[in-house]
Amino acid sequence: MSTSTETTDLMIRKSVTVAAPLATAFEVFTAQIEAWWPMASHHIGQAECAAVVIEPHAGGRWFERGVDGSECDWGRVLLWDQPNRVTLVWQLSAQFQFDATLHTEVDVCFTALDPSTTRVDLEHRGLGAYGAHAQAMRDTFSSPEGWNGMLEHYAQVAARRPQPGA
């Protein structure tokens, strides 16, 4: 696994190489997000987080479900191009509360490097929507608790998934 980071003014670009085929890398990132997302610390609901859900179609919801059944929206699916790309609208404010008027995008592209290795490129853009909080949010998203650490953990989880024909 290797990672690289590029931070520009109002976006963040991250790349991670995953020891998994393209379809597995996409599946783990989207349908198995709760296997790698730090739900104990990265949730917005009052209840303990039981699941993180990305509905598998454009227009679908991106949300968390609490152990009590409550749901808290995080955003929505803008583009679903399985297994090559998913673009999510992130609508959490600088206080990490859902804000339907906020629009930043998490664009994730999956590229097969060979049959068992995938490069995953993540771009979180539109951070200027945070206004006076844009720099602080960029720093948060670039931190070890942000996309850096989460993508490293994602790559580890994806690499451990059973591969077809194995």
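Here's a quick rundown of the structure. All figures in this text were calculated on a predicted structure; none of them were measured in a lab.

Scoring rules and cut-offs
- Along each chain, numbering runs from 1 in the same order as the chain's sequence is written.
- In keeping with the model being predicted, local features are shown solely for residues with a pLDDT of at least 70 and side-chain atom pairs are shown and tallied solely at 80 or more, while totals for entire chains, interfaces and linings include all residues.
- Note: side-chain values were computed over all heavy atoms of the structure, leaving out hydrogens and water.
- We call Phe, Tyr and Trp rings a pair once their centres come within 6.5 Å, taking the six-membered ring for Trp, and we label the pair stacked below 30 degrees between planes, edge-to-face above 60, and tilted otherwise.
- Put simply, DSSP marks the helices as runs of H or I at least four residues long and the strands as runs of E at least two long, and each gets a number from the N terminus on.
- Burial here depends on accessible area, computed with a 1.4 Å probe over protein chains only, as a share of the maximum for the residue type. Under 20% is buried, over 50% is exposed, and the range in between is partly exposed.
- Here, a charge over a ring means that NZ of Lys or CZ of Arg falls within 6 Å of the ring centre while also lying within 35 degrees of the ring normal.
- Each pair of strands is called paired provided DSSP finds at least two bridges between the two strands.

**Considerations on the packing of aromatic side chains**
Per the counting criterion, the structure on display carries 14 aromatic pairs. Judged by centre distance (5.1 Å) and plane angle (80 degrees), the ring pair of Phe26 and Trp80 falls under edge-to-face. Of this pair, Phe26 sits in helix α1 (residues 22–30) while Trp80 sits in strand β5 (residues 71–81), placing them 54 residues apart in sequence. With respect to class, Phe26 is no different from Trp80; both count as buried. Where Phe29 meets Trp36, the ring centres are 4.9 Å apart and the plane angle is 40 degrees; that geometry is what we call tilted. By relative accessible area, which is 2% here, Phe29 ends up buried. Between Arg61 and the ring centre of Phe63, over which it is positioned, the NZ or CZ distance is 3.8 Å.

**Thoughts on the pairing of strand β2 (residues 11–18)**
A large share of β2 lies buried, amounting to six of its eight residues. The pairing of β2 with strand β8 (residues 117–125) spans eight bridges and is antiparallel. The residue bridging Lys14 from the neighbouring strand is Leu122, located in β8.

**Concerning unusual backbone geometry**
In this chain, Gln82 is followed by Pro83 through a cis amide linkage whose omega measures 0 degrees. We note that Phe96 has phi near 55 degrees; this positive angle belongs to a residue other than glycine. Within the secondary structure, Phe96 is located in the loop between β6 (85–90) and β7 (104–114). Of the residues examined, Phe96 reaches a relative accessible area of 31% and is grouped as partly exposed.

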